[in-house]
Amino acid sequence: MIDGVLTLPLVLPPTVIGFLLLILFGKNGPLGKLLMSIGKTVIFSWPATVIAASVVAFPLMYRTVRSAFEQIDQNIINAARTLGVSEWKIFWRITIPLAWPGVAAGTVLAFARALGDFGATLMIGGNIPGKTLTIPAAIFFAAESGEMRKALIWVMLIFIVSLIVMTLMNYWTDYQRKMIATAGRK
Amino acid sequence: MEILVDIQKKLPGFELDVNFDTGMDILGLLGASGSGKSMTLRCIAGIDTPDRGRIVLNGRTLFDSQKGVNLPCRKRKMGYLFQNYALFPNMTVEENIGFGIEDKKREERMAIIKEKVKMIKLEGLEKRYPNQLSGGQQQRVALARALAIEPEALLLDEPFSALDDYLRSHMVKQLTETLADYPGVTLFVTHNMDEAYSVCNKLVVLSMGKIEAKGGTEEVFRSPPTLVSAQLTGCKNSSLAKYISPFEVEALDWGITLKTKNEIVKHIEFVGIRAHEIELALDEKQDNVFSCWLNFTTQTPSRITAYLSMQVATLGKGGYHIQWEITKQMWFELKDKPQPWNLRFNPDNLIIV
């Protein structure tokens, strides 16, 4: 159940997520009202884009990290327990280091997803230049109004960032494979 | 030094129900895979929890379902050697060995690590990571790590199953030497009867969660009390048996009547003989000599297993009554001799259950 809710943004269309966030943070939404009472509005301000990107990207982070935890050989944890080591120490000294490549991979994936979000951001952030206009939105509106040069510059920028991210990903996957190979398997 | 184990636990397909105690001996738990032997070890270490029962180590109750005692794994002070070693891949050899004793002072800790590294003969490799070690070396590190906490009991879960044959015999010898100096209870789980025989002084034979035999290793191998324990200790030939007289038993599957050395009881069920303990008869006047025909053979580099039929020359494709294991040399002397061959089931070697 919780798993389903946490993974939902991965399968829902971004505009749907944006719509749901709009309802949630809108003037009449439960969170919107709460924020209103302390004198803040989120909709169409830069925090809105952050919220949209986070919600959209979170499932990638969550799933990657979870599978990294699940992949740890349970016997390694059990071995630490038989040695009389506390759960706290096991977590920080064994679980986290072993899951680290997964955590890193999740971060990179989530980052890429957040960077590329269009639908959800547009729904609750709008496209106010200098405030809530994200790169994908900028590309869309530039291309739409025929400013191909401007669009191309943004595309190149995204291209470079994505390339760097992909290189990092490959590096981490290799690293992870190496770690798993050392886990004492036959 | 003593451990007392009496536990029950429901497992998929059967109920684990074991009850044994042991002192300073090396106790072997022998059983086929899925017999519950590893689960028994996990329950003793506190990795899994039994449904009912009691585990007492040196007078200290680790688990007692009636009193509601269930010490967590980390308070049981047991060294556990996992089948896949379960070394910490993110730590070096010395960090692995020292991980369980980090509460000790630095000098003391370094001294223990040094001593253990020397014990497992890995001097110079202290800074290596597990993936830079061979399987045998990894296993030694795992053993050193388990012994570093000075456990009151050492639990070995199929420690040799991931090693190749050559390394295995070498490691068995080395482990036996290490264990000779270890002043605690040792439990050794294996499915390999050769390992059990060479490492353990006492044996518990498990099948489907139940104890089939327990006692001194020699004794269990010489006269296993049940058919299953006979088979698990390597008896390849068995037949339904019928009581004829106090010193005679009929092997129904083989169609022969065998003389026994000891007096037998009326309700015997099976008679068996180990494949390598069948003898070539010197002359026909000996007792328990029968005619056998060769059906087919299989071989290993050093030995031949002949699959023989009794009373009749052949049993059709793949059929046989008994297996007979002999050396290659003996086989070359014998194979061209006319059949049937006269083989002797020495009364000393019969297994009757």
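Model, not experiment: these values are computed from the prediction.

*Asks:* Which residues make up the overall build of chain A, and what are the values?
*Replies:* For chain A, the helix and strand inventory stands at nine helices and zero strands. Along its sequence from the N terminus, chain A presents helices and strands in the succession α-α-α-α-α-α-α-α-α. The globule rule puts the C-alpha radius of gyration for 186 residues at 16 Å, and the 21 Å found for chain A is more than 25% above it. Taking the principal axes of its C-alpha atoms as reference, chain A extends roughly 65 × 45 × 25 Å. Counting across all 186 residues of chain A, residues that qualify as buried make up 30%. For chain A, long-range pairs separated by at least 24 residues make up 70% of all intrachain contacts whose partners lie at least 6 apart in sequence.

*Asks:* Tell me about the interface of chain B and chain A, residues and numbers included.
*Replies:* If you look at the interface, chain B gives 24 residues, while chain A gives 21 residues. Of all the elements, strand E7 (residues 78-81) of chain B adds the most residues to the side of chain B that touches chain A, at three residues. Among the residues forming the side of chain B that touches chain A, the class breakdown is 16 nonpolar, six polar and two charged.

*Asks:* How would you sum up the nonpolar core? Please name residues and give values.
*Replies:* All names here are of chain B. Among the nonpolar cores identified, the biggest contains 77 residues, and Ala 142, Leu 155, Leu 187 and Phe 188 are the most heavily contacted of them. The element best represented in this core is helix H4 (residues 135-148), accounting for seven residues. For Phe 188, the residues in contact, after removing those within four places along its chain, are Ile 26, Leu 27, Gly 28, Leu 29, Leu 156, Val 199 and Cys 200. Counting residues in hydrophobic clusters, the runner-up holds 22 residues, among them Ala 230, Leu 308, Trp 324 and Ile 351.

*Asks:* Residues and numbers for the sheet that holds strand E16 (residues 279-280) of chain B, please.
*Replies:* All names here are of chain B. Taken together, the five strands give an open sheet; going across it, the order is E16-E20-E17-E18-E19, and neighbouring strands pair in antiparallel fashion. Since the sheet does not close on itself, it has two edges, and those belong to E16 and strand E19 (322-327), each with one partner. By the bridge criterion, seven bridges tie strand E17 (residues 289-299) to strand E18 (residues 303-310) in an arrangement that is antiparallel. Opposite Thr 297, over in E18, you have Ala 306 as the bridge partner.

*Asks:* Break down the sheet that holds strand E14 (residues 256-259) of chain B for me, with residues and values.
*Replies:* Residue and element names in this part refer to chain B. Spatial strand order, E14-E13-E12-E15-E21: five strands in an open sheet with antiparallel pairing. The sheet terminates laterally at E14 and strand E21 (351-352), the two strands that pair on one side only. Across two bridges, strand E15 (residues 270-273) lies against E21 in antiparallel orientation. Paired with Val 271 across the bridge in E21 is Ile 352.

What counts, and where the lines are drawn
- Along each chain, numbering runs from 1 in the same order as the chain's sequence is written.
- Written order decides the labels, with chains lettered from A and ligands numbered from 1.
- A pLDDT threshold of at least 70 governs which residues receive local features in this predicted model, and a stricter bar of 80 or more applies before side-chain atom pairs are shown or counted, although totals over entire chains, interfaces and linings include all residues.
- Under the scheme used here, helices are H or I runs from DSSP no shorter than 4 residues and strands are E runs no shorter than 2 residues, and both carry numbers assigned from the N terminus.
- Note on method: radius of gyration uses C-alpha positions; expected globular size equals 2.2 Å times residues raised to 0.38.
- Counting other C-beta atoms within 10 Å of its own, a residue is labelled buried from 20 upward, exposed at 12 or fewer, and partly exposed in the gap between, with every C-beta atom placed from the backbone.
- By the criterion used throughout, residues are in contact when their C-beta atoms, derived from the backbone, lie within 7 Å.
- Polarity classes work like this: nonpolar for Ala, Val, Leu, Ile, Met, Phe, Trp, Tyr, Cys and Pro, charged for Asp, Glu, Lys and Arg, and polar for all others, with Gly in that last group.
- Put simply, a nonpolar core is buried Ala, Val, Leu, Ile, Met, Phe, Trp, Tyr and Cys residues tied into one set by C-beta atoms within 7 Å.
- For two strands to be treated as a pair, DSSP must find no fewer than two bridges joining them.

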